[in-house]
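# Analysis of the macromolecular model
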Amino acid sequence: MLKVWIDAGHGGIQPGACSQGYKEKDLTLQIATLLGTELTRCGFTVAQTRTTDVDIPLDTRGPLANKWGADYFVSVHLNAGGGRGAETWCSIAGGKSKALAECVQAELVGLGYVDRGVKTRKGDDGRDYLAVIRQTNMPAVLAEVGFIDSTEDMARFDASKAAQAIARGICKHTGVAYKQAVTVPTFTAPEITGLTLDTPNGKDLAAGEKYTVLARCQEKPAVTTVGRDVIAVSEPRLDPKGRGWLIDVQGLPPEPVVRHGHITVTADGVTQQCNFNVI
Ligand SMILES: [Zn+2]
């Protein structure tokens, strides 16, 4: 089983580049965390430089991966400085580092980023300039997932998609089949359960009594009430069981004449109605 070390850039008192209200350290951690999930699902063994907002000194990152015996090292950053697009850094020695960088870069470009290419930089001592690439003794790459100071790049930024792209790149390079996450079933039309729809078969609700309507739908439903103020209706909230949205309905002291109310729920382009008898 291949071992991949994931290195979320910066952290703690080292925010990295900050722009447009974003801090690089937060975005790199988001991507790194999701990348860990992606790679684990695909069968890799994963370790991370950090899983929280802490400062891990730059010079300890490579040695930690060396000690763990990583087969690959992947560092995640965002760029800054007025450009736009994605680039991936690799070792001046080329080899698997370059081959992996090319796979990762191709996937990032596939997300729509401008292709700034695969890059290397030699330091004054003739070795790799980037510490995490210089200090690791396994193939290492550093991906710059767009520019944090580019409105265009940040409009495109999606930590989940970035993690998927980097994972696909690693899979492609290593010949491991990329496994997509199992998609959550989607509901296209609201289905209101737990109620019959028409009086006199509607739900009986005493004044003060609460009833919860489940709306099975993806988007937050819009709810309107009709029938004079015999019921009070809450804002729809996400069902913790993931079935859709919950809407609380409470019976109010009935007026002399109107003894029923209904709610009209619209979501995903479909409208349905629930009736209540307020008794
Ligand atoms: Zn950085």
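Before going into details, it helps to say that this report is about the structure given with it. A quick note: this is a predicted structure, and the numbers were derived from the prediction, not measured.

### Quick notes on the overall build of the protein chain
Per the secondary structure count, the protein chain includes six helices and 17 strands. Going through the 279 residues of the protein chain one by one, you find that 44% of them count as buried. A separation threshold of at least 6 residues defines the contact pool for the protein chain, and within that pool the share at least 24 residues apart is 73%. Total accessible area computed for the protein chain in this model is approximately 13500 Å², and 52% of it derives from carbon and sulfur atoms.

### What about the nonpolar core?
Among the nonpolar cores identified, the biggest contains 37 residues, and I31, L35 and I166 are the most heavily contacted of them. Mapped onto this core, the elements with two or more residues apiece are β1 (3–8), α1 (24–42), β5 (72–79), α3 (95–110), β8 (140–147) and α6 (159–174). Examining the composition of this core, we find that eight residues originate from one element, α6, more than from any other. Setting aside residues up to four positions removed in sequence, I166 forms contacts with I31, L35, V74, V76, V104, L108 and V145. Ranked by size, the runner-up nonpolar core spans 16 residues in total, among them Y211, V230, I247 and V278.

### Quick notes on the layout of surface pockets
The calculated volume of the largest pocket comes to roughly 310 Å³. In terms of lining residues, the largest pocket is bounded by 16 residues, among which H10, L58, H77, L130 and L142 are the most central. Where the lining of the largest pocket is concerned, the elements lending two or more residues are α2 (58–68), β5, α4 (131–134) and β8. Its residues assigned to classes, the lining of the largest pocket shows eight nonpolar, four polar and four charged.

Calculation rules
- Position numbers for residues start from 1 in each chain and track the written sequence from start to end.
- Only residues with pLDDT of at least 70 are given local features in this predicted model, and only at 80 or more are side-chain atom pairs given and counted; all residues enter the totals for whole chains, interfaces and linings.
- Working from all heavy atoms in the structure, the side-chain values ignore hydrogens and water.
- We count a stretch as a helix when DSSP gives it H or I for four or more residues in a row; a strand needs E for two or more, and each element gets its number in order from the N terminus.
- Any residue under 20% of the maximum accessible area for its type is buried, any over 50% is exposed, and the rest in between are partly exposed; the area is computed with a 1.4 Å probe on protein chains only.
- In this analysis, two residues are considered to be in contact whenever any of their non-hydrogen atoms come within 4.5 Å of each other.
- In short, Shrake-Rupley with a 1.4 Å probe defines the accessible areas, and a residue's cover is counted only from the protein chains shown.
- For this analysis, a nonpolar core means a set of buried residues of the types Ala, Val, Leu, Ile, Met, Phe, Trp, Tyr and Cys, connected via side-chain atoms within 4.5 Å.
- Here a cavity denotes grid points, spaced 1 Å and computed from the protein atoms alone, that fit a 1.4 Å probe unable to get out, and a pocket denotes an open set having protein on both sides within 12 Å along at least 5 of 7 lines; residues with an atom within 4 Å of a point are the lining.
- Grid points are joined across faces, edges and corners, and a volume is the space filled by probe spheres set on the points.
- Three classes are used, and their members are as follows: Ala, Val, Leu, Ile, Met, Phe, Trp, Tyr, Cys and Pro are nonpolar, Asp, Glu, Lys and Arg are charged, and the others, Gly among them, are polar.

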